[in-house]
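Geometric and topological summary
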Amino acid sequence: MKILAVSDSHQDIRSLNEAIESEDNTDLLLHAGDYAKDIRMARTEKMDCRCVKGNCDGSFSCDPGELIIEIGLTKILLTHGHRFGVKYSLDALTEYGLEKGVHAVVFGHTHRQYLENRNGILLINPGSVSRQKSPSAGYALIITDGDGDIIGIELKRL
């Protein structure tokens, strides 16, 4: 399975579409919040989409502040990250991921790409997909095998 992870699009539909178009045959789009409603205007008709609210999403009705996605036996926590203070430390987010029994956490909020294996949990921040908010706009590509095991992660720039 090919998973495109984005965050913090902040109404930059053009950059969001560029990320989508850069990755052919994407099965799933994960939006980690802050203008998650942008997926409604993006070219997502060929893929399943999941989103969570960020601190800038107000009353937008999408999934709640977090979501656990199961792909085979693999569990991915999708959250914006602001509730865990990710701009200052990833300790609370890591601890929460351990409590939830997930294999990976996709989060945003910092506008900076990040990838680390912490205590057996993959922490993946695709960075901001918006060129308006980040000079190094980007996204993450996550590849799983037939069993759902994550076999590759790549942080990409627009």
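Nothing here was measured: the structure is a model prediction, and the numbers come from that model. (Residues numbered from 1 in each chain as written. Predicted model: local features only at pLDDT ≥ 70, side-chain atom pairs only at ≥ 80, totals over all residues. Heavy atoms only, no water.)

**What about the sheet that holds strand β1 (residues 2-6)?**
What counts here: In short, DSSP must find at least two bridges between two strands for them to pair. Helix and strand definitions here come from DSSP, where helices need a minimum of 4 consecutive H or I residues and strands a minimum of 2 consecutive E residues; each element is numbered from the N-terminal end. Comment: axis = line fitted to C-alpha atoms, over the contacting stretch for helices; angle = value between 0 and 180 degrees taken between N-to-C directions. Contacts were defined at the residue level, with two residues in contact if any of their heavy atoms lie within 4.5 Å.
In space, the 5 strands of this open sheet follow the order β3-β2-β1-β9-β10, with mixed pairing throughout. If you trace the sheet from one side to the other, it starts and ends with β3 (48-51) and β10 (150-157), each paired once. Shown here is a sheet whose adjacent strand axes are inclined to one another by a mean of 20°, direction ignored. Two elements, β1 and strand β2 (residues 28-31), share 4 bridges in a ladder whose sense is parallel. Among the inter-strand pairings, L4 is bridged to a residue of β2, identified as L29. Against the sheet, helix α1 (residues 13-22) engages β1, β2 and β9 (138-144), with an angle of about 160° to β1.

**Re the environment of I151**
Looking at where I151 falls in the secondary structure, it is placed in strand β10. For the pair formed by I151 and L141, sequence separation is 10 residues and the distance between their alpha carbons is 11 Å. Ignoring any residue separated from it by four or fewer positions in sequence, one finds I151 in contact with I143, T144 and D145.

**Regarding the side chain of H109**
To be explicit about the condition: Definition of a polar contact: a pair of N or O atoms within 3.5 Å, with one able to donate and the other able to accept a hydrogen when the atoms are protein atoms, and with sequence-neighbouring residues admitted only if both atoms are side-chain atoms.
Among the secondary structure elements, H109 is positioned in the loop between β6 (104-106) and β7 (113-118). Of note is the side chain of H109, whose polar atom sits 3.2 Å from the side chain of H80. In this structure, H109 is in contact with S7, D8, N55, H80, H82, V86 and K87, ignoring residues within four places of it in sequence.

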